[in-house]
Amino acid sequence: MRHTLILSIVSVCMLTLCLSLGTWFSVYTANSEMAFRAEQSAQMWLRILTAEEKDLPKWLRGEPLPSKVWEKFALYERTSDVFRFKFYDEKGHIAFESGNPDFHEHDHDGEQEISSSLKTVLETKEPYTELCEGMHSLPGPDHFAESYIPIIRDGQLIGVFEAYIDMTGAAADVTALFTKLVSIIVILVLAAVVVPFGLIMIFWSRLRKFVVHLKAETKRAEQAEQAKSDFLTQMSHELRTPMNGMIGMFDLLQRSKLNDEQRSIVQTISQSSSAFLQIVNDIVDFSKIESGQMELVDAPFNLRHLVEEVATLFAPSLAKKSVEISIDCDLPDQMCFSGDATRIRQCLMNLVGNAAKFTMAGHIRISVSEGPDGQMHISVSDTGMGIAEDQLDRIFEAFSQVDKGETRQFDGTGLGLTITNELTRMMGGKMSATSVLGQGSAFEISLPLKSVQCSEESQKFWSQARQFLTGKSVLIAENRPELSESLCQNLRNLGAHPIACPSGQTALETFEALKAEDQKPDLCLIDCGLQDIPGDQVMDRLGQISGPNALPCIIMLRADRDFTAQDMRDRGFAGSLRKPLQIREFATVMARAVDKNAFQIAAARITPKQDDPDLSQVRILLAEDNRTNQLVVQKLLKNTGVMIDLANNGLEAVEMYESLHPDLVLMDIAMPEMNGHEATQLIRMIEANQSSDTTPILALTANVLPKDRKACHASGMSGFLSKPVKRSKLIETIISHLGRQTAA
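The structure reproduced in this document is the subject of the present report. (Residues numbered from 1 in each chain as written. Predicted model: local features only at pLDDT ≥ 70, side-chain atom pairs only at ≥ 80, totals over all residues. Heavy atoms only, no water.)

## Describing the overall build of the protein chain
If you tally the helices and strands in the protein chain, you get 21 helices and 23 strands. Across the protein chain, every contact between residues at least 6 apart in sequence was considered, and the portion connecting residues at least 24 apart equals 67%. Per element, the accessible surface of the protein chain, about 39,400 Å² overall, is 54% carbon and sulfur. (Helix = DSSP H or I, 4+ residues; strand = E, 2+ residues; numbered from the N terminus. Contact = heavy atoms within 4.5 Å. Areas by Shrake-Rupley, 256 points an atom, 1.4 Å probe, with all protein chains shown as cover.)

## Things to note about the environment of Arg492
Its place among the elements puts Arg492 in helix H11 (residues 481–493). A relative accessible area of 42% means that Arg492 is categorised as partly exposed. As a C-alpha pair, Arg492 and Arg466 span 26 residues in sequence and 10.0 Å in three-dimensional space. Setting aside its immediate chain neighbours within four residues, Arg492 contacts Glu485 and Pro498. (Buried < 20%, exposed > 50% of the residue type's maximum accessible area, 1.4 Å probe, protein only.)

## Examining the pattern of salt bridges
Tallied over the full model, the rule gives 14 salt bridges. Taking the shortest distance from any N to any O, the salt bridge between Arg220 and Glu217 comes out at 2.0 Å. Pair noted here: Arg220 and Glu217 are both in helix H5 (residues 168–254), with a separation of three residues, about one helical turn. For Arg220, a relative accessible area of 44% translates into the label partly exposed. Among the charged side chains, a network of salt bridges with common partners joins Glu324, Arg480, Glu482, Asp527 and Lys579. (Salt bridge = Lys/Arg side-chain N within 4 Å of Asp/Glu carboxyl O.)

## So, unusual backbone geometry
That bond from Lys579 to Pro580 is cis: its omega, 0°, falls within 30 degrees of zero. Along the chain, Pro580 turns up in the loop between strand E18 (575–578) and helix H15 (583–594). The step from Lys723 to Pro724 runs through a cis peptide bond, and the omega angle for that step is -5°. Position of Pro724 among the secondary structure elements: in the loop between strand E23 (719–722) and helix H21 (727–743).

## Some details on a nonpolar patch on the surface
A cluster of nonpolar side chains, Val195, Leu199 and Ile202, forms an exposed patch at the surface whose accessible area comes to about 280 Å². Counting through the fold element by element, Val195 comes out in helix H5. By relative accessible area, Val195 is classed as partly exposed at 49%. (Patch = residues over 30% accessible without salt bridge, like charges linked within 9 Å, V, L, I, M, F, W, Y side chains within 5 Å.)

## Focus: the sheet that holds strand E19 (residues 619–623)
Pairing within the open sheet is parallel, and its five strands lie in the order E20-E19-E21-E22-E23. At either end of the open sheet lies a strand with only one pairing partner, and these are strand E20 (643–647) and E23. Neighbour to neighbour, the strand axes of the sheet diverge by 20° on average, direction disregarded. Note that E19 and strand E21 (residues 664–667) share four bridges and pair parallel. Bridge pairing in E21 places Ala623 opposite Met667. Sheet strands touched by helix H18 (residues 650–660): E19, E20 and E21. Its angle to E20, the strand with the most contacts, is close to 140°. (Pairing = 2+ DSSP bridges. Axes fitted to C-alpha atoms, helices over the stretch in contact; angles between N-to-C directions.)

## A closer look at helix H10 (residues 456–469)
With 14 residues, H10 should cover 20 Å at 1.5 Å per step; its first-to-last C-alpha distance of 20 Å lies within 8% of that length. Listed as buried for H10 are Ser458, Phe461, Trp462, Gln464, Ala465 and Leu469. End-on, the buried residues of H10 take up no more than an arc of 165°, which puts them together on one face. Every exposed residue of H10 that faces more than 90 degrees away from the buried side is listed here: Glu456, Lys460 and Gln467. Looking one or two residues beyond H10, the residue adopting positive phi is Gly471, at roughly 85°. (Expected span 1.5 Å × (residues − 1). Arc of directions from axis to C-beta.)

## Here's the deal with the nonpolar core
Residues Leu303, Ile344 and Leu348 are the most contacted members of the largest nonpolar core, which totals 46 residues. Where this core is concerned, the elements lending two or more residues are helix H6 (260–290), helix H7 (303–319), strand E7 (323–329), helix H8 (341–358), strand E9 (362–370), strand E10 (376–382), helix H9 (416–426) and strand E12 (440–447). Core analysis: the second largest hydrophobic core is formed by 24 residues, Ala496, Met556, Ile583 and Ala593 among them. (Core = buried A, V, L, I, M, F, W, Y, C linked by side-chain atoms within 4.5 Å.)

Structural data, given as structure tokens:
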């Protein structure tokens, strides 16, 4: 309404202004036209009167006009539009005037007053016309003009002719003409203002209706999105809560004494539970991406280590179906990048998991390289079933699967590639896929990662590793060319000299030849899966050939082989490695095979996590309303000796905190009486009032969305654990926060 009123006022003002300007222009043009006509009439009349009168200069000087001249003047005066005239001399004095043949200025005493119009003509020698209405004191027409015409002879001004011209007819004609002009202007103005205004009003009315409709639809969409978010949050919470009990108990059961059949059953149930949890995670991640709630972090990480961790995770299950996973990474170990390692790991897990699902035999290869565009290219290729060319375009669509229908062989939500594609796009990269049906597929993600400096500890480790391995010759028995080349490159980076052999027999022959030349290798690296001779037999025969100083041999085992490092040492090997090889472990084992006292390198490695750390002096308050989850946490921490006090809701947690003063609090969020956020805020207030140390409070919740993490942080919590929680993650997080508290 307000905007409509403003538009109306503006339109009326514009219309008034246009009409005023049009009227002024019309009047100005009409007056100019009438003045022009008057001057033309006066000049024509002057030419007619004086065409044959050569004595005009004399008359202007005062000589009397002959009677015949007066008769001619009188005749023209009666038959023309000039109803009165005057002649002035060069000084502006009246020489004679119409209707008074006896008048002569020079016969009168005194000075005659000269009008301003006459003065202007005398000075400029240019005609001048003035429009007038009514004579008032003299009879005459209603509309007339006074025209002053200079009389020039031989370039000299000899006088001025003043004519009173009847403009009644001309005024009527001009008035009629310009009345039509004004009417046309008014019509045009109305058309230019009113019509657009009407269109604007129609547009404005429809726009308002559209805006109202759009607001209503937007509100409905927001409500639907909120309902969807609330539904997913609630369903995720409700699903994760029992899953926490299931996975936790399976974890504990696997650690107990079971026979082979029982262990197989427990592993199957555990794998099914993990698969179900992955489906829940995929749906939650997809929802977060759709709603724009997915947040990225930027922190330093080692890309090579990340790739090795993912490959190691999938290696045991792939080895059971004779699928080998390998890594081709030309990045130095001490090269780190800045980015979101968690999301990059998730993308790689999805790609490798997808390849593992559709590859029944052969191999899966993870390649990492820096492209000419400066981006990091991570590719996962396989020898699986492949994808038809006409289906490649839709594999990134949500819930889309190549293997679909009631007869499909492979399960899944069809969200893995969609999530990976969207995460890659959010990180500023792109994803592509190539495939040949029946031969395999290759998926690649390109990310603009910025290289950063790695830690001093990493640099120190590699410096010490090179000190032990520089100049050492290493005999390699490996029948796979790509793995053999990767091993050679890793050894060259460590300063060693690799000698690659494609089979066990070739390795034995090469060793004999080198020994004969007194160039016996310092180490031997043997693959347990050689096609011609088993790895342990190669080692035994090398020992026989080498004599008293046995050649230190390192065996490379498949990921599914259930042998410990001690088992391999008992068999005579100097060390053992599991495929896919991790470069840091590779350097450590190789160095220790050269020098058993290479303890500095061992110390430089990441300290293995204690399976059952001693927490007997630690008191933990667990605020959890679900009895099953209480039991799970108690069982997961049982062998650590920790003391656990149980609170069934937030109110009990606050009361027990005041009386027990625990070392750490595990806080559920959704609880009766008082939720975890409110309980945490009250505990922080108590600490502030008592000026006591801040107790670590860890959220242990099935709410996993970014907003849930932010809410926990805002309420004063120290950390976040999502259900279902793994025993190792739970213990690691507890120790980490207890260590921070001690350090503080």
